[in-house]
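These are the residues of each chain, in order.
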Amino acid sequence: RKNMVIAIDGYSSCGKSTLAKALAKKLGFIYIDSGAMYRAITLYFLRNHVDLENHDAIIDALQHIELNFHSKDYESHITLNGEEVSEEIRLMPVSEAVSPVSAIKEVRQEMVKQQQRMGKSKNIVMDGRDIGTAVFPDAQVKFFMTADPKIRAERRYKEMVAKGDQNITLEEVFENLAHRDYADTTREESPLTRAEDAIILDNTDITEEEQLNFALEKVTPFL
Ligand code: C5P
């Protein structure tokens, strides 16, 4: 491929988006948060009481959803039918419903199609669960990120508290991550798994700067 794609996959809350944003900023690439797309679809399904067992209702709902990214400073600002939903999609109701929604074949097909379009001609960094395996199997560089589950839960919990999400406990966050990891790795449609050619990055004990430097070292030969 002519344009450059960096794919970052891995478990929930192990710093994929932090690394992806830092890489995008450093390299002048576009950052795309594929998880935000599944979250926005989930928000639409929740609001409109879409029955996850009803195939026709799902197809119909997908036709009524338009997602757009507005990149400000490499943060992922996403709109759902024109409405800014970047904050609402991070709250617990969406986090609890997103894995079943993202396991639906029709949902994945539509998202993958849109993601492939976004990475067709521009240099991008995309993070998610199936980027190196299903969306861009031909990405030049793939990372597979992991970290100790307890550390991940603590990091996410601190982040949520800092944002003012007071009605939450560390245990709830830990449970949610565990459930999503289980659902994401065991689902039938493109489950979370390491692509054979993905570079493993375990960030339990390393700083954000060290991760960025490690990743840059792997990416530089392809620039
Ligand atoms: O990345 P984030 O944690 O925001 O993703 C939320 C959920 O969306 C994941 O737990 C997973 O169920 C789903 N997802 C996915 N494929 C992707 C990105 C996210 O199935 N490429």
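Residues numbered from 1 in each chain as written. Predicted model: local features only at pLDDT ≥ 70, side-chain atom pairs only at ≥ 80, totals over all residues. Heavy atoms only, no water.

The name given to the protein in an unreviewed UniProt entry is Cytidylate kinase, with Pedobacter chitinilyticus as the source organism. Among the UniProt annotations of the protein, the heading Sequence similarities (unreviewed entry) holds the following wording: "Belongs to the cytidylate kinase family. Type 1 subfamily." Looking at the protein in UniProt, the text filed under Subcellular location (unreviewed entry) is "Cytoplasm". (UniProt positions renumbered as here; feature names shortened; annotations may be inferred.)

## Observations regarding the packing of aromatic side chains
Overall, the coordinates contain 1 aromatic pair when judged by the stated rule. Residues tyrosine 11 and phenylalanine 144 carry aromatic rings whose centres are separated by 5.8 Å and whose planes lie at 80 degrees to one another, so their mutual orientation is edge-to-face. Taken as a pair, tyrosine 11 in the loop between β1 (5–10) and α1 (16–27) and phenylalanine 144 in strand β7 (residues 141–146) lie far apart in primary sequence, 133 residues in all. For phenylalanine 144, a relative accessible area of 7% gives the class buried. (Phe/Tyr/Trp six-rings, centres within 6.5 Å; stacked < 30°, edge-to-face > 60°. Helix = DSSP H or I, 4+ residues; strand = E, 2+ residues; numbered from the N terminus. Buried < 20%, exposed > 50% of the residue type's maximum accessible area, 1.4 Å probe, protein only.)

## What to know about the sheet that holds strand β4 (residues 75–80)
Reading across the sheet, the 3 strands line up as β3-β4-β5 and stay open at both edges, with antiparallel pairing between neighbours. Sheet topology places β3 (67–72) and β5 (83–84) at the edges, where each strand pairs with a single neighbour. Bridge count for β3 against β4 is 6 bridges, and the pairing is antiparallel. Across the sheet, serine 71 pairs through a bridge with serine 76, a residue of β4. (Pairing = 2+ DSSP bridges.)

## Some remarks on the environment of alanine 215
Relative to the helices and strands, alanine 215 is located in helix α9 (residues 208–219). Here alanine 215 falls in the buried class, since its relative accessible area comes to 0%. Discounting residues that sit within four places of it in the chain, alanine 215 has contacts with Leu19, Leu23 and Phe143. (Contact = heavy atoms within 4.5 Å.)

## Some words on the site of the ligand
Near the ligand lie 16 residues; those nearest to it are Arg39, Arg108, Asp130, Asp184 and Arg187. A distance of 2.6 Å separates an oxygen atom of the ligand from a polar atom in the side chain of arginine 39. At a separation of 2.9 Å, an oxygen atom of the ligand approaches a polar side-chain atom of arginine 180. Contact with the protein chains removes 97% of the 460 Å² of surface that the ligand exposes when unbound. For the shell around the ligand, the secondary structure elements donating two or more residues are α2 (34–47), α4 (92–102) and α8 (170–186). A per-class count over the shell around the ligand returns 3 nonpolar, 5 polar and 8 charged. (Near = heavy atom within 4 Å. Polar contact = N/O pair within 3.5 Å; in protein donor to acceptor, adjacent residues only side chain to side chain. Areas by Shrake-Rupley, 256 points an atom, 1.4 Å probe, with all protein chains shown as cover. Nonpolar A, V, L, I, M, F, W, Y, C, P; charged D, E, K, R; others polar.)

## A closer look at the UniProt feature "domain: Cytidylate kinase" (unreviewed entry) in the protein
Mapped onto the present numbering, the UniProt feature "domain: Cytidylate kinase" (unreviewed entry) falls at residues 6–219. Along residues 6–219 one finds 50% helix and 18% strand; the C-alpha atoms at either end are 8 Å apart.

## So, the nonpolar core
As a rule of thumb, soluble globular proteins bury nonpolar side chains together. Among the nonpolar cores identified, the biggest contains 34 residues, and Ile41, Phe45, Leu67, Ile78, Val107 and Phe136 are the most heavily contacted of them. If you list the elements that add at least two residues to this core, you get β1, α2, α3 (55–63), β4, α4, α5 (105–118), β6 (124–128) and α6 (131–135). In terms of residues, this core owes the most to one element, α2, which gives 8 residues. Among all residues touching valine 107, those that are not within four sequence positions of it are Tyr38, Ile41, Phe45, Ile58, Leu62 and Val101. (Core = buried A, V, L, I, M, F, W, Y, C linked by side-chain atoms within 4.5 Å.)

## Things to note about the UniProt feature "binding site: ATP" (unreviewed entry) in the protein
According to UniProt, the feature "binding site: ATP" (unreviewed entry) maps to Gly10, Tyr11, Ser12, Ser13, Cys14, Gly15, Lys16, Ser17 and Thr18 in the numbering used here. Examined against the element boundaries, glycine 15 turns out to sit in the loop between β1 and α1. Glycine 15 sits in the partly exposed class, given a relative accessible area of 22%. Not counting chain neighbours up to four residues away, the residues in contact with glycine 15 comprise Met145 and Asn203. Mapped onto the fold, threonine 18 is located in helix α1.

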